[in-house]
Amino acid sequence: MAQPAPNTPPRKTFDVCIVGSGAAGGMAAKVLTEGGLDVVMLEAGPLLNPGLHYTEHLWPYNLPHRGVGIGAGGYNSTASHEFDVANIVQDVPGEPYSNGPGSAFRWTRARLLGGRTNHWNCVTLRFSPHDMRTRSLSGYGEDWPVEYNDIAPYYDKVESLIGVYGSREGIPSAPDGVFLPPPAPRCSDLLVRKGAAKLKVPCIAGRAAIVTRAHNGRPPCHYCAQCTQGCRTASSFSSSQVLIPPALKTGRLQIIPMAMARQVLVARDGKAAGVSYIDKTTRTEQRVLAKVVWLGASACESARLLLNSRSTLFPNGLANSSGTVGRYLMESVATTVTGAFPELNRIPPHNHDGTGSVHVYIPWWKYDRRNDFQGGYHAEVFGGPGMPRARMFHQVGLEAQGYGAALKEKCRETYGTGVQLLGRGEMIPNPASYCEIDSNLLDQWGIPTLRFHLKWSDNEIKMAKDMRQSFEEILQAAGGKTNAAVPHPDFGHLSPGGVAHEVGTVRMGSDRQTSVLSGFCQAHDVKNLFVSDAGCFTTGPDKNPTLNILALTWRAAEYALDQARKGDL
Amino acid sequence: MKLERRTLLQLPLLAKKPKITSAPAKQDTLRTLCEFIVPGATEAGVPEFIELLSGENAEYKRQISGGLLWLDARCRDRYGKPFLGCSQTEQKELLDLIAFRENAQKDPTLSQATAFFAFLRDLTLDGYFTSRQGIAYLDFRGNSALSEFPGCPPIL
Ligand SMILES: Cc1cc2nc3c(=O)[nH]c(=O)nc-3n(C[C@H](O)[C@H](O)[C@H](O)COP(=O)(O)OP(=O)(O)OC[C@H]3O[C@@H](n4cnc5c(N)ncnc54)[C@H](O)[C@@H]3O)c2cc1C
């Protein structure tokens, strides 16, 4: 994939300019180039070099800082540590963001070809038919301008292409897909399954974009549990290794790395004409021209780009006649409950790693009853004896106090006995939750930055409370001890952004007064402008975003090809 | 103090073993303490790990250097010699004062030193259990490449 960064951009006019190379950008590039279009892709980070950027199979002692970073900088701060794929952090050097009063949104961003798909946990869940029509079926949230049946064929196509393991269950809240065989459960999974069964809660095979059989030229998973460190064999899905290569193979994709898009250029007729960007290597302003502009810079980055693309024609930012660009920012409602299972320490030591994702999970199961909140959640199951890490034994030290052989032995006894249920729940769109351009802060490229105002409503707090209660019940039914102390007044919500599932801000809708895009990710105001990252989401179901980004992008790209053929863009 | 997290690109990946640069007496005291906290810590390179971090982080340096000096001063008051000059029994006697939260609750003059010891205990546990020796001690069997994942052995 070696391609030198050109200092001066190509002079020609491309068919499409894509901004970003993650799930959205990579999928758009593949479908559009295979459909015969000439595509240029701007990516704010470098090309992927797995030898340099991935840390798979490192031992902590291979790193002088043992994973905690220089001066323990990756240890106490919110930054991810040395084992994460490089260039995927909250504190991007020289690219700050801010929060309004009372908002504590954390924004994990990638600056690397393939975006955050180099580092994700691969949990791959379809929206349910109900998820996309909550307004008409249950009276809350919004209806999407597309229905489940519109995207179901694209779910099939995406799953067949990227390889997803799972099992067919027929549960209404968790539609089945095209699945590879799931991996065998770990010991910790069996415990949770036992507890769930006692309470008649479904606990089914996990669903993840990791190939358990050789698939489309990719070797099967080798079970090191390190997807977030980058998978050198590409057995876990990443855009950089699974979508970009076939796009390059068409000969119709040109990637410009280290290119930070600043503004979408607009022609006099009000159509998008290309993108201006900062070449980070030379710190110069450049531009590329294109007949179609496709944003896949990630949810809030795409909103930022539109808000920064002001002109006399579009004084409030591009495609923003509705005033909703930046609005309806959502994030998964997330809380974690840990159960202690001493028996995990008494079983014979064995390799417990498995894939880097869930082997079992608990889909939303209370859809058939009245709850004191709207929407659903699911639980991802992790835990057991994993790779020893810094910080793993602080709690033991705190509880045991003292020092010496007894302390050391206590650590061994406790090691690997924790099992976590990670809750991921639906956030209902609300206009008070948004991002906007910060009037005071430029990044080091001279581009105005974002200010976040993420607000949970009462519904999200009630949901988190319910999550904690039901997770404690499940873990206790499994024989685990849970810590009853609730860490925060909001029931242990991670501070928003902690799970990197931010969606909304450039939402699709059938009413152009209250939305930015059509169901095909096409801007209502500018027909040759598309946004297909999670910015386009109308609501924020409990399902992790990536599969849904991929399917919506594929569908939008086919539509765009069709329109281009008809000369309608 | 806030440190910018560098990306891996800028890290001396797989660099050679860090060297201790502080004064020899301080090094020996740190070594002795680490070894008290987790037997085997010296062999596992824990003092070097702690020195590396405190050389880069002023806050860590303050806590470690300050704590070590407090220890020497207390030993001189009590036994008339610095920590290293004390017998093992005397050393343990002093550590038993500062290694337990409840002692500081009874005697507030111990509270800063107790905080220092807790900090050093955390760092020592981090260093030891991320070392080759510590990982072997835990009997961790993963981080390898398997062609099939066998799942849980038939015991649960
Ligand atoms: C630790 C972790 C675990 C996760 N686990 C899961 C999971 O299990 N399941 C799931 O579904 N999702 C998961 N996610 C979320 C998932 O990574 C994202 O949903 C997905 O990557 C989003 O794809 P995207 O294309 O919208 O954006 P990204 O993947 O973020 O890619 C955007 C790209 O655009 C580039 N870019 C941004 N701004 C500009 C600009 N102005 N100019 C040029 N380029 C730009 C960036 O450099 C980046 O490479 C996880 C995320 C993290 C961090």
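Above this text sits the structure in question.
The shown structure was predicted, so the numbers you read here are calculated from the model rather than taken from an experiment. (Residues numbered from 1 in each chain as written. Chains lettered and ligands numbered in written order. Predicted model: local features only at pLDDT ≥ 70, side-chain atom pairs only at ≥ 80, totals over all residues. Heavy atoms only, no water.)

Residues and elements named next belong to chain B. Counting buried residues in helix α2 (residues 46-56) gives 9 out of 11 residues, a clear majority hidden from the surface. Within α2 the residues assigned to the buried category are V46, P47, E48, F49, I50, E51, L52, L53 and S54. Against the buried residues of α2 lie α1 (24-37), α3 (58-79) and α6 (111-129). (Buried < 20%, exposed > 50% of the residue type's maximum accessible area, 1.4 Å probe, protein only. Helix = DSSP H or I, 4+ residues; strand = E, 2+ residues; numbered from the N terminus. Contact = heavy atoms within 4.5 Å.)

Residue and element names in this part refer to chain A. Side chains V39 and M41 of strand β2 (residues 39-42) all project onto a buried face; the interleaved residues V40 and L42 project onto the opposite face, where all are buried too. In this region the chain leaves strand β1 (residues 13-19), passes through helix α1 (residues 23-34) and returns to the parallel neighbour β2; the handedness of that crossover is right-handed. Here β2 pairs with strand β7 (residues 253-256) via 4 bridges, running parallel. Among the inter-strand pairings, V40 is bridged to a residue of β7, identified as Q254. (Right-handed = clockwise from strand over helix to strand, strands pointing away. Pairing = 2+ DSSP bridges.)

This brings us to empty space enclosed by the protein. Residues and elements named next belong to chain A. Tallied over the full model, the rule gives 6 cavities of 30 Å³ or more. Of the pockets and cavities examined, the largest cavity occupies roughly 100 Å³. Taken together, 17 residues make up the lining of the largest cavity; nearest its centre are C221, H222, C224, C227 and C231. Across the lining of the largest cavity, the residue classes break down as 7 nonpolar, 9 polar and 1 charged. (1 Å grid on protein atoms, 1.4 Å probe; cavity = no way out; pocket = protein on both sides within 12 Å on 5 of 7 lines; lining within 4 Å. Points joined across faces, edges and corners; volume = space filled by probe spheres on them. Nonpolar A, V, L, I, M, F, W, Y, C, P; charged D, E, K, R; others polar.)

Let's shift gears to the sheet that holds strand β6 (residues 204-205) of chain A. Residues and elements named next belong to chain A. Taken in spatial order, the 6 strands of this open sheet run β6-β12-β13-β14-β11-β17, and their pairing is antiparallel. The outermost strands of the open sheet, each flanked by one partner alone, are β6 and β17 (481-482). Relative to strand β12 (residues 360-362), β6 runs antiparallel, the two sharing 2 bridges. Note on β12: the bridge partner recorded for A205 is V360. Across the sheet, helix α12 (residues 458-477) is in contact with β11 (333-340), β12, β13 (377-383), β14 (418-425) and β17; its angle to β11 comes to roughly 20°. (Axes fitted to C-alpha atoms, helices over the stretch in contact; angles between N-to-C directions.)

Time to look at the pattern of salt bridges. Under the defined criterion, the tally for this structure stands at 32 salt bridges over all chains. For the salt bridge of K410(A) with E413(A), the shortest nitrogen-to-oxygen distance reads 3.8 Å. Taken together, the residues K410(A) and E413(A), both in helix α11 (residues 405-414) and 3 residues apart, mark about one turn of the helix. When the shortest N-O distance is used, the salt bridge between E59(B) and R62(B) registers 2.6 Å. Placement of both E59(B) and R62(B) in helix α3 is noted, with a separation of 3 residues, approximately one turn of the helix. Given a relative accessible area of 31%, E59(B) falls into the partly exposed group. Here the salt bridges do not stand alone but share partners, grouping E95(A), R111(A), K280(A), E301(A), R304(A) and D443(A) into one network. (Salt bridge = Lys/Arg side-chain N within 4 Å of Asp/Glu carboxyl O.)

As a further point, take the nonpolar core. Across soluble globular proteins, you tend to see nonpolar side chains buried next to one another. Among the nonpolar cores identified, the biggest contains 148 residues, and L32(A), L42(A) and W294(A) are the most heavily contacted of them. The element best represented in this core is helix α13 (residues 546-565) of chain A, accounting for 11 residues. Discounting residues that sit within four places of it in the chain, L32(A) has contacts with V16(A), I18(A), L37(A), V39(A), W294(A), A557(A), A560(A) and L561(A). If you look at the next biggest cluster of nonpolar residues, it comprises 48 residues, including Y403(A), L30(B), F36(B) and C86(B). (Core = buried A, V, L, I, M, F, W, Y, C linked by side-chain atoms within 4.5 Å.)

How big an interface is tends to be stated in terms of accessible area lost as the parts join. Chain A puts 76 residues into the contact, and the matching count from chain B is 62 residues. Across the interface of chain A and chain B, roughly 6200 Å² is buried in total on both sides, 64% from carbon and sulfur atoms. Its largest share of buried area at the contact with chain B, chain A owes to R66(A), Y403(A) and K408(A), together 14% of the area lost on that side. Among the elements of the structure, α2 (50-53), α5 (187-198), α10 (394-400) and α11 of chain A are those that each provide at least two residues to the side of chain A that touches chain B. (Buried area = accessible area lost by both parts, 1.4 Å probe.)

All names here are of chain A. Here D189 shows up in helix α5. Looking at D189, the relative accessible area reads 0%, which means it is buried. One polar contact links the side chain of D189 to the main-chain amide nitrogen of R186, over a distance of 2.8 Å. What D189 contacts, discounting residues up to four positions off in sequence, is H359, V360 and V381. (Polar contact = N/O pair within 3.5 Å; in protein donor to acceptor, adjacent residues only side chain to side chain.)

Looking now at the site of the ligand. Residue and element names in this part refer to chain A. For the ligand, the set of nearby residues contains 35 residues, the closest of which are E43, R116, V123, A261 and T546. Here a nitrogen atom of the ligand sits 3.1 Å away from a polar atom, N or O, in the main chain of A44. Interatomic distance of 2.8 Å between a backbone N/O atom of A261 and a nitrogen atom of the ligand. Against a free-state accessible area of 990 Å², the protein chains account for coverage of 95% of the ligand. Counting residues per element, the ones that place at least two in the shell around the ligand are α1, β8 (259-266) and α13. Considering only residue class, the shell around the ligand consists of 17 nonpolar, 13 polar and 5 charged. (Near = heavy atom within 4 Å. Areas by Shrake-Rupley, 256 points an atom, 1.4 Å probe, with all protein chains shown as cover.)

This brings us to the packing of aromatic side chains. Residues and elements named next belong to chain A. Here the structure, examined in full by the defined rule, presents 29 aromatic pairs over all chains. With a centroid separation of 4.4 Å and 40° between ring planes, the pair formed by F105 and F452 is classed as tilted. Of this pair, F105 sits in the loop between β4 (98-99) and β5 (109-110) while F452 is found in strand β16 (residues 448-453), placing the two residues 347 residues apart along the sequence. Residue classification places F105 among the buried positions, given a relative accessible area of 1%. F452 gets classed as buried once you look at its relative accessible area, which sits at 0%. Seen in terms of ring centroids, F520 and Y559 are 4.1 Å apart; in terms of plane orientation they differ by 10°. Their pairing is stacked. (Phe/Tyr/Trp six-rings, centres within 6.5 Å; stacked < 30°, edge-to-face > 60°.)

Once that is clear, we can look at the state of the cysteines. One pass over the structure, following the stated rule, counts 1 disulfide over all chains. Residue C187(A) pairs covalently with C152(B) via a disulfide, S to S 2.0 Å. Where C187(A) bonds to C152(B) through sulfur, the torsion about that S-S bond is close to 95°, and the disulfide is right-handed. Here C187(A) is found in helix α5, whereas its partner C152(B) is found in the segment after α7 (132-138) on a different chain. Of the residues examined, C152(B) reaches a relative accessible area of 15% and is grouped as buried. C224(A) forms no disulfide, and the closest cysteine sulfur to it belongs to C231(A), at a distance of 6.5 Å. (Disulfide = S-S within 2.5 Å.)

Strand pairing within a sheet occurs via backbone hydrogen bonds; the two strands may be parallel or antiparallel. All names here are of chain A. Within the open sheet, the 3 strands sit side by side as β4-β16-β15. Their pairing is mixed. With partners counted over all chains shown, the strands left at the sheet margins are β4 and β15 (434-442), one partner each. Bridge count for β4 against β16 is 2 bridges, and the pairing is parallel. If you follow N99 over to β16, its bridge partner there is F452. Across the sheet, helix α8 (residues 299-308) touches β15 and β16, and the angle it forms with β15 is around 60°.

Next up on the list: the layout of surface pockets. Residues and elements named next belong to chain A. Taken as a whole, the second largest pocket encloses approximately 430 Å³ of empty space. Around the second largest pocket sit 20 residues that line it, and H130, S138, W364, Y367 and G375 are the ones nearest its centre. Here the lining of the second largest pocket is built from residues that sort into 5 nonpolar, 8 polar and 7 charged.

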